[in-house]
Amino acid sequence: MSVDIFIIIIGMAVVTYIPRMLPLVFFNTKHIPPTLEGILQNVPYAALGALIFPGALLIHDNVVFGLIGVLSAFSIAFLSGSLITVVLGSIAVLTLLTPLF
């Protein structure tokens, strides 16, 4: 194994270790401030949206198809709030609309 690859592996290990270590160092108490707790509760939704939204627009040759899927997911989420309902509902909407595109 070359030295360059070894340095890259060590660098990636350090970079992935830092975000795991920081909460243990700075939040060693059992009480998290309510403001920070509210922010941390929204992180999974923000990350999920950032990962899924570009793929939703590029799922079909026609961008409108992806926009319909995104809008249906937003609508179902607003009405029910359950993640599984949103996923299955938007899949059902796009399945029904597939013959039109």
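Residues numbered from 1 in each chain as written. Predicted model: local features only at pLDDT ≥ 70, side-chain atom pairs only at ≥ 80, totals over all residues. Heavy atoms only, no water.

So, about the overall build of the protein chain. For the protein chain, the helix and strand inventory stands at four helices and zero strands. Listing each helix as α and each strand as β along the protein chain from the N terminus yields α-α-α-α. Since a compact globule built from 101 residues should have a radius of gyration of about 13 Å, the 20 Å found for the protein chain marks it as more spread out than a globular shape. For the C-alpha atoms alone, the extent of the protein chain along its principal axes is close to 55 × 45 × 15 Å. The proportion of buried residues among the 101 residues of the protein chain is 12%. Considering only residue pairs separated by 6 or more positions, the protein chain has 38% of its internal contacts joining residues 24 or more positions apart. For the protein chain, the exposed area adds up to about 8,300 Å²; of that, 77% sits on carbon and sulfur atoms. (Helix = DSSP H or I, 4+ residues; strand = E, 2+ residues; numbered from the N terminus. Rg over C-alpha atoms; globule rule 2.2 N^0.38 Å. Buried < 20%, exposed > 50% of the residue type's maximum accessible area, 1.4 Å probe, protein only. Contact = heavy atoms within 4.5 Å. Areas by Shrake-Rupley, 256 points an atom, 1.4 Å probe, with all protein chains shown as cover.)

Bringing the packing of helix 3 (residues 63-79) against helix 4 (residues 83-97) into the picture now. Packed helix pairs are characterised by how far apart their axes lie and by the angle those axes make with each other. Where helix 3 meets helix 4, the axes come as close as 9 Å, and the angle between the chain directions of the two elements is 145 degrees. Of the two elements, helix 3 crosses helix 4, and the hand of that crossing is right-handed. Taking contact as the criterion, the partners of Phe 65, Ile 68, Gly 69, Ser 72, Ala 73, Ile 76 and Ala 77 in helix 3 are, on helix 4, Thr 85, Val 86, Gly 89, Ser 90, Val 93, Leu 94 and Leu 97. Grouping the constituent residues of the contact of helix 3 with helix 4 by class yields nine nonpolar, five polar and no charged. (Axes fitted to C-alpha atoms, helices over the stretch in contact; angles between N-to-C directions. Left-handed = near helix turned anticlockwise from the far one by under 90°. Nonpolar A, V, L, I, M, F, W, Y, C, P; charged D, E, K, R; others polar.)

Moving on to the side chain of Ser 90. Position of Ser 90 among the secondary structure elements: in helix 4. With a relative accessible area of 12%, Ser 90 lands in the buried category. There is a polar contact of 3.0 Å between the side chain of Ser 90 and the backbone oxygen of Val 86. Within polar-contact distance, the side chain of Ser 90 engages the backbone oxygen of Val 87 at 3.1 Å. Ser 90 has contacts with Gly 69, Ser 72, Ala 73 and Ile 76, leaving out every residue within four places of it along the chain. (Polar contact = N/O pair within 3.5 Å; in protein donor to acceptor, adjacent residues only side chain to side chain.)

All right, on to the environment of Asp 61 then. Position of Asp 61 among the secondary structure elements: in the loop between helix 2 (34-57) and helix 3. Of the residues examined, Asp 61 reaches a relative accessible area of 81% and is grouped as exposed. Sequence spacing of Asp 61 and Phe 101 is 40 residues, and the spatial spacing of their C-alpha atoms is 9.1 Å.

A few words on the packing of aromatic side chains. Within the structure shown, the criterion is met by one aromatic pair. Ring centres of Phe 65 and Phe 101 lie 5.2 Å apart, and the angle between their planes is 70 degrees; this geometry places the pair in the edge-to-face category. Taken as a pair, Phe 65 in helix 3 and Phe 101 in the segment after helix 4 lie far apart in primary sequence, 36 residues in all. (Phe/Tyr/Trp six-rings, centres within 6.5 Å; stacked < 30°, edge-to-face > 60°.)

The subject of this paragraph is the layout of surface pockets. Volume-wise, the largest pocket comes out at about 720 Å³. Along its surface, the largest pocket is lined by 22 residues, and Leu 48, Ile 52, Ala 73, Val 86 and Ser 90 are the ones closest to its centre. Elements with a minimum of two residues in the lining of the largest pocket: helix 2, helix 3 and helix 4. For the lining of the largest pocket, the element with the highest residue contribution is helix 4, accounting for seven residues. (1 Å grid on protein atoms, 1.4 Å probe; cavity = no way out; pocket = protein on both sides within 12 Å on 5 of 7 lines; lining within 4 Å. Points joined across faces, edges and corners; volume = space filled by probe spheres on them.)

Turning to the environment of Gly 81, a few remarks are in order. Inspection of the secondary structure assignment puts Gly 81 in the loop between helix 3 and helix 4. Sequence separation of Gly 81 and Ile 52 is 29 residues, and the distance between their C-alpha atoms is 17 Å.

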